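One letter stands for each residue in the lines below.
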Amino acid sequence: MSQQTFALPYRHPFATDNQYKKSVAYFSMEFAVDQALKIYSGGLGFLAGSHMRSVYALKQNLIGIGMLWKYGYYDQGRKKDGSMEPEFTEKMYSYLVDTQIRFQIPMMGKNVWVAAYYLDPETFGSAPLFLLTTDTDGNDESTRAISYSLYDSDVTYKVAQCMVLGIGGARLLEALQYEPEVYHLNEAHAVSALFHLYKKYKKAAEVQKRVVFTTHTPEEAGNEKHDIHFLDQLGFFSGVDLETVRKISGIGDGVFNHSLAALRLSHKANGVSKLHGEVSRKMWKSHPKIAPIGHITNAQNNTYWVDPVLEKARLGKDIDAIVARKKELKRTLFKTVADQSGKLFDPDVLTIVWARRFAAYKRPDMLVWNLERFKKIMENTKQPVQVIWAGKPYPKDEGAIATFNHLFYLSHLFPNMAVLTGYELALSKLLKDGADVWLNTPVVTREASGTSGMTAAMNAALNLSTFDGWICEFAKDGHNAFLLPVAQGEDINKQDCDNLMDTLEQKVIPAYYNAPKKWQKMILNSMNEVSQPFNSDRMAREYYELLYN
């Protein structure tokens, strides 16, 4: 760890812009700020990382509070046969500053020590970040392990992790002698902080006026819930009695709903796309006294993600330069493909990429559901196609791991199909740079926003997608993207699969090979129309305008 000194009371390290003077503490379980700092799993982290980079660019008065995961999420290794295997390796970061702040939180029947480390904003060009860990002197192995792995599969440890982020984050701010005007919960993981604040201020209204909440969950079943007595025994409510907990958080029975409590104890809330805002308002409308739910559509940081040569060509409307640079970027990606798979891909061939977290509702394997049609596309030598998959399943999600491995084994049959491991920021950037088509196949309304297609579009890839999340605000079929019709009726999987194959066979592949001018026009439309509306600078501004002020 860095030996740089750390002074108290803490003061925000850069002069803030007058538009963004209000002080904010942003709580998130994960941040994807840089490839070198492995404290994220997927989309929530990518979003938070881009947000923190825009905070730095706009000089906003915001600090981030997160967790320092000893093993990160996990490293996606391979078994002897090449199938994937989660690996857990200790991570060390010499550039983090030890604040020397230590405090104890009562949890799991013990007093658990929490240590705080600091990421200076100049290190990666982000908001200042404070990262909490229980892997510190004074704790036994069982409590050190709380901060070992992001999203622990053991329910007690998962809740304890949320308590370190929530209660620990609130305690950290007190230790820093830093009183933010706004507490922003990015998802409900840190909701335990609000009971610590209630104990401090004695009134729910005093908590509400300080708190805002961003929900990322598009369906009721996805909201975290636990037995209220189980949480109480762990110390989740900071000693606030259960009758009061129920009263202020809207819990009518013995099941504590984390998102509902966050909505009850906030004064403003937001979904993460226009559609998700509508879905959220509908989902929560039966619950009284919750914060009004608006929407601020997710975005990604242009400066971090966009290839500068492509961006210069976009601004100059130089389609020839875009085409030439895209071919170079494909060659770069294909070195990684060759390294991992032993396959040599051709930069002149249409390249389709499906890459994001592997989860059932995202339907990563839809392209191979109709194996005969997939085989026909893959074996077409006149209009050839190359397909790449990448992404990390949750390490205990046996179904998603089986899907990943099924695709890997299937790839043995096709020299133009590759399944890559190690989907983190660096590989994500390579894939977005090198993709011609970015495939997105979630069940409609199940994807709150999704952001991977934004950064693919910024780098001259065309989205091929179901009509969900951010896509609804961006995509115009045949103009800047290819859209699948919204499936109706009972067997939506078959309809979506059929529509996907039809779209590939009748629109996407013919356009790439037979109508290059149309393809190039669509690329330029896509790049121009994603550039500002889905840049996280816009998002960071809107958080101040719509949620904080």
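Not measured: the values here are computed from a predicted model. (Residues numbered from 1 in each chain as written. Predicted model: local features only at pLDDT ≥ 70, side-chain atom pairs only at ≥ 80, totals over all residues. Heavy atoms only, no water.)

Caption draft 1: Spatial organisation of the pattern of salt bridges. Evaluation of the coordinates by the stated rule reveals 28 salt bridges. Its salt-bridge partner being Arg53, residue Asp34 comes within 3.9 Å of it at the nearest N-O pair. Of this pair, Asp34 sits in the loop between strand E1 (24-27) and helix H1 (43-58) while Arg53 is found in helix H1, placing the two residues 19 residues apart along the sequence. Side by side, Asp34 and Arg53 carry an identical accessibility label, which is buried. Measuring nitrogen to oxygen at the nearest pair gives 2.7 Å for the salt bridge that ties Asp307 to Arg325. One end of the pair, Asp307, is in the loop between helix H11 (302-305) and helix H12 (308-315); the other, Arg325, is in helix H13 (residues 319-341), with 18 residues separating them in the sequence. (Salt bridge = Lys/Arg side-chain N within 4 Å of Asp/Glu carboxyl O. Helix = DSSP H or I, 4+ residues; strand = E, 2+ residues; numbered from the N terminus. Buried < 20%, exposed > 50% of the residue type's maximum accessible area, 1.4 Å probe, protein only.)

Caption draft 2: Expanded view of the sheet that holds strand E14 (residues 350-355). Spatial ordering of the open sheet is given by E16-E15-E14-E17-E18-E19, a layout of six strands whose pairing is parallel. What marks the edges here is a single partner per strand, and that holds for strand E16 (417-420) and strand E19 (481-483). Each neighbouring strand pair of the sheet contributes to a mean axis angle of 20°, computed without reference to strand direction. Looking at chain direction, strand E17 (residues 437-440) and strand E18 (residues 462-465) are connected through four bridges and run parallel. Counterpart to Asn440 in the pairing with E18 is Ser465. Helix H14 (residues 371-378) contacts strand E15 (385-390) and E16 of the sheet and is inclined by roughly 120° relative to E15. Strands E14, E17, E18 and E19 of the sheet are contacted by helix H20 (residues 516-531), whose axis makes an angle of about 90° with E18. (Pairing = 2+ DSSP bridges. Axes fitted to C-alpha atoms, helices over the stretch in contact; angles between N-to-C directions. Contact = heavy atoms within 4.5 Å.)

Caption draft 3: The pairing of strand E5 (residues 97-107), seen in detail. Bridging between E5 and strand E6 (residues 110-119) involves eight bridges; their strand directions are antiparallel. Its bridge partner being in E6, Asp98 is matched across the sheet by Tyr117. Hairpin remark: E5 followed by E6, antiparallel, with two residues in the connecting loop; positive phi at Met108, about 55°.

Caption draft 4: Structural view of the pairing of strand E4 (residues 84-87). Note that strand E3 (residues 75-78) and E4 share four bridges and pair antiparallel. Bridging across to E4, Asp75 finds its partner in Glu87. Here E3 folds back onto E4 in antiparallel fashion, the turn holding five residues, of which Gly82 has a positive phi close to 95°.

Caption draft 5: Spotlight on the side chain of Thr143. Within the secondary structure, Thr143 is located in helix H3 (residues 141-144). Residue Thr143 is classed as buried on the basis of its relative accessible area, which comes to 3%. Beyond its immediate chain neighbours, meaning those up to four positions away, Thr143 contacts Lys110, Val112 and Thr134.

Caption draft 6: Quick look at helix H4 (residues 155-175). Spanning 21 residues, H4 covers 29 Å between terminal C-alpha atoms, matching the ideal 30 Å at 1.5 Å per step. Along H4, the sharpest kink reaches roughly 30°, centred on Gly168. Counting buried positions along H4 gives 16 out of 21 residues, so the element sits mostly inside the fold. Of the residues that open H4, the one with a side-chain oxygen 2.9 Å from the backbone nitrogen of Thr156 is Asp154. Just downstream of H4, Gln177 is the residue with a positive phi angle, here 60°. (Expected span 1.5 Å × (residues − 1). Bend = angle between axes of the 7 residues up to and from the residue. Polar contact = N/O pair within 3.5 Å; in protein donor to acceptor, adjacent residues only side chain to side chain.)

Caption draft 7: Region of interest: the side chain of Thr451. Positionally, Thr451 belongs in the loop between E17 and helix H17 (452-458). Given a relative accessible area of 9%, Thr451 falls into the buried group. Only 3.0 Å separates the side chain of Thr451 from the side chain of Gln300, close enough to count as a polar contact. In contact with Thr451, other than residues within four places in its own chain, are Asn298, Ala299 and Gln300.

Caption draft 8: Representation of the environment of Glu490. Looking at the secondary structure, you find Glu490 in the loop between E19 and helix H19 (492-514). Judged by its relative accessible area of 82%, Glu490 is exposed. Glu490 sits 212 residues away from Glu278 along the chain, and the two C-alpha atoms are 23 Å apart.

Caption draft 9: Molecular detail of the packing of aromatic side chains. One pass over the full model with this rule turns up 36 aromatic pairs. Ring geometry for Tyr10 versus Tyr118: centroids 5.7 Å apart, planes at 75°, classification edge-to-face. One end of the pair, Tyr10, is in the segment before E1; the other, Tyr118, is in strand E6, and 108 residues separate them in sequence. Taking the centre distance of 5.6 Å and the plane angle of 55° together, the rings of Phe408 and Tyr409 count as tilted. (Phe/Tyr/Trp six-rings, centres within 6.5 Å; stacked < 30°, edge-to-face > 60°.)

Caption draft 10: Here's a closer look at the nonpolar core. By size, the foremost hydrophobic cluster in this structure holds 156 residues, and its most contacted members are Phe237, Phe256, Phe374, Trp389, Trp519 and Tyr548. With ten residues, H4 is the single largest residue contributor to this core. Contact partners of Phe237, with chain neighbours within four places excluded, come to Phe195, Ile228, Leu231, Asp232, Leu242, Val245 and Phe256. Within the second largest apolar cluster, 17 residues are counted, among which are Phe345, Ala418, Tyr423 and Ala456. (Core = buried A, V, L, I, M, F, W, Y, C linked by side-chain atoms within 4.5 Å.)

Caption draft 11: View of H12. Taken together, the buried positions of H12 are Leu310, Ala313 and Arg314. Along H12, the residues classed as buried sweep out an arc of 105° about the axis, all on the same side. In H12, the exposed residues that point more than 90 degrees away from the buried face are Pro308, Lys312 and Leu315. For H12, the elements touching its buried residues are H13 and H20. Following H12 by one or two positions, Lys317 adopts a phi angle in the positive range, close to 55°. (Arc of directions from axis to C-beta.)

Caption draft 12: Region of the structure containing the sheet that holds strand E8 (residues 182-186). Read across the sheet, nine strands follow the order E5-E6-E7-E2-E1-E8-E9-E12-E13 without closing on themselves; strand pairing throughout is mixed. The sheet terminates laterally at E5 and strand E13 (293-295), the two strands that pair on one side only. With direction set aside, neighbouring strand axes in the sheet form an average angle of 25°. Two elements, E8 and strand E9 (residues 211-214), share four bridges in a ladder whose sense is parallel. Counterpart to Leu185 in the pairing with E9 is Phe213. Packed onto the sheet, H1 meets E1, strand E2 (62-67), strand E7 (129-133) and E8 and runs at close to 150° relative to E2. The strands touched by H4 within the sheet are E1, E2, E5, E6, E7 and E8, with E5 carrying the most contacts at an inclination of about 120°.

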